[in-house]
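Overview (structure and organization)
One-letter residues, chain by chain:
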Amino acid sequence: MDTKYYKIEEVATRTGLTKRALRYYEELELIIPKRTECSYRLYSEKDIENINRIKDLRESLGFCLNDVKTILLLEKDLKRIFKENIKDDVTIDKSINLIKKQIDSIEKKEQSLARSKGKFKMALTKIEDYRGMIQEE
């Protein structure tokens, strides 16, 4: 079965990202598209899935690109450890430490979001009370 490849314009349209963002993701090594002899970027369906995963981590979950890169590298390491049945303590310890750092980062984000949520709820209550007051006048 032949792999279908897409040019950067098609991928930008399908993902809703700009071509510049796609190039930047490549520069950060978040994605590595195939290159033609003329150096055109070609993206597979797997690349597009990865791009959408990056987009989701950034937009929906609020991770910065550094965090995204760490998450993707961690996922890759974990797949490799289990697929190749790696028993190297250094590699395993590295992954354990990265996971702990990610958990800590996520917990900090949760706390920050909870604070923001509280502030917005308070603002909503105030504005609804205000609206009720002016409607009574």
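You'll find the structure just up there.
An account of the accompanying structure is given in this report.

**Looking at the sheet that holds strand S2 (residues 34-35)**
Taken together, 3 strands build an open sheet; the order of strands is S1-S3-S2 and the sheet is antiparallel. Among the strands making up the open sheet, the edge pair consists of strand S1 (6-7) and S2. Taken together, the 2 bridges between S1 and strand S3 (residues 41-43) define a ladder with antiparallel strand orientation. Considered in S3, the bridge of Tyr6 is made with Tyr43.

**As for the packing of aromatic side chains**
In total, this model carries 0 aromatic pairs according to the counting rule given. The cationic tip of Arg14 hangs over the ring face of Tyr6; the distance from NZ or CZ to the ring centre is 4.7 Å.

**Topic: the side chain of Lys55**
As for its placement among the helices and strands, Lys55 is situated in helix H3 (residues 45-59). Although buried, Lys55 forms no salt bridge, and the nearest oppositely charged side chain, Glu59, lies 4.5 Å from it. When residues no more than four places from it in sequence are discounted, the contact partners of Lys55 are Thr15, Gly16, Leu17 and Ser60.

**Examining helix H1 (residues 8-15)**
Residues of H1 that are buried include every one of Ile8, Val11, Ala12 and Thr15, and no others. For H1, the angular spread of buried residues about the axis comes to 100°, placing them on one side. Next to the buried residues of H1 lie S1, helix H2 (19-27), S3 and H3. Gly16 sits one or two positions beyond H1 and adopts a positive phi of about 80°.

**Details of H2**
Considered for burial, the residues of H2 that qualify are Ala21, Leu22, Tyr25 and Glu26. Along the long axis of H2, the arc covered by the buried residues comes to 145°, so they all point the same way. Of the surrounding elements, those touching the buried residues of H2 are H1, S2, S3, H3 and helix H4 (65-83). Glu29 lies just past H2 and shows a positive phi near 65°.

Calculation notes
Per-chain numbering applies: the sequence of each chain, read as written, is numbered from 1 onward. The predicted nature of this model means local features are confined to residues of pLDDT at least 70 and side-chain atom pairs, given and counted, to a pLDDT of 80 or more, with totals for whole chains, interfaces and linings taken over all residues. Side-chain descriptors were evaluated using all non-hydrogen atoms of the structure, hydrogens and water having been removed beforehand. Strands are treated as partners if at least two bridges between them are detected by DSSP. A run of DSSP states H or I qualifies as a helix once it reaches four residues; a run of E qualifies as a strand once it reaches two. Both are numbered from the N-terminal end. In this scheme Phe, Tyr and Trp rings, the latter by its six-membered ring, pair at centre separations within 6.5 Å, and the angle between planes marks the pair as stacked below 30 degrees, edge-to-face above 60, and tilted otherwise. For a ring to carry a charge above it, either NZ of a lysine or CZ of an arginine must fall within 6 Å of the ring centroid while also lying within 35 degrees of the normal to the ring plane. Relative accessibility under 20% of the residue-type maximum defines a buried residue, over 50% an exposed one, and the middle range a partly exposed one, all with a 1.4 Å probe and only protein chains included. By the counting scheme adopted, Arg and Lys are positive, Glu and Asp are negative, and His together with the chain ends is not counted. We count a salt bridge whenever a side-chain nitrogen from Lys or Arg sits within 4 Å of a carboxyl oxygen from Asp or Glu. Whether two residues are in contact is decided by their heavy atoms: any pair within 4.5 Å suffices. This arc corresponds to the set of directions leading from the helix axis out to the C-beta atoms.

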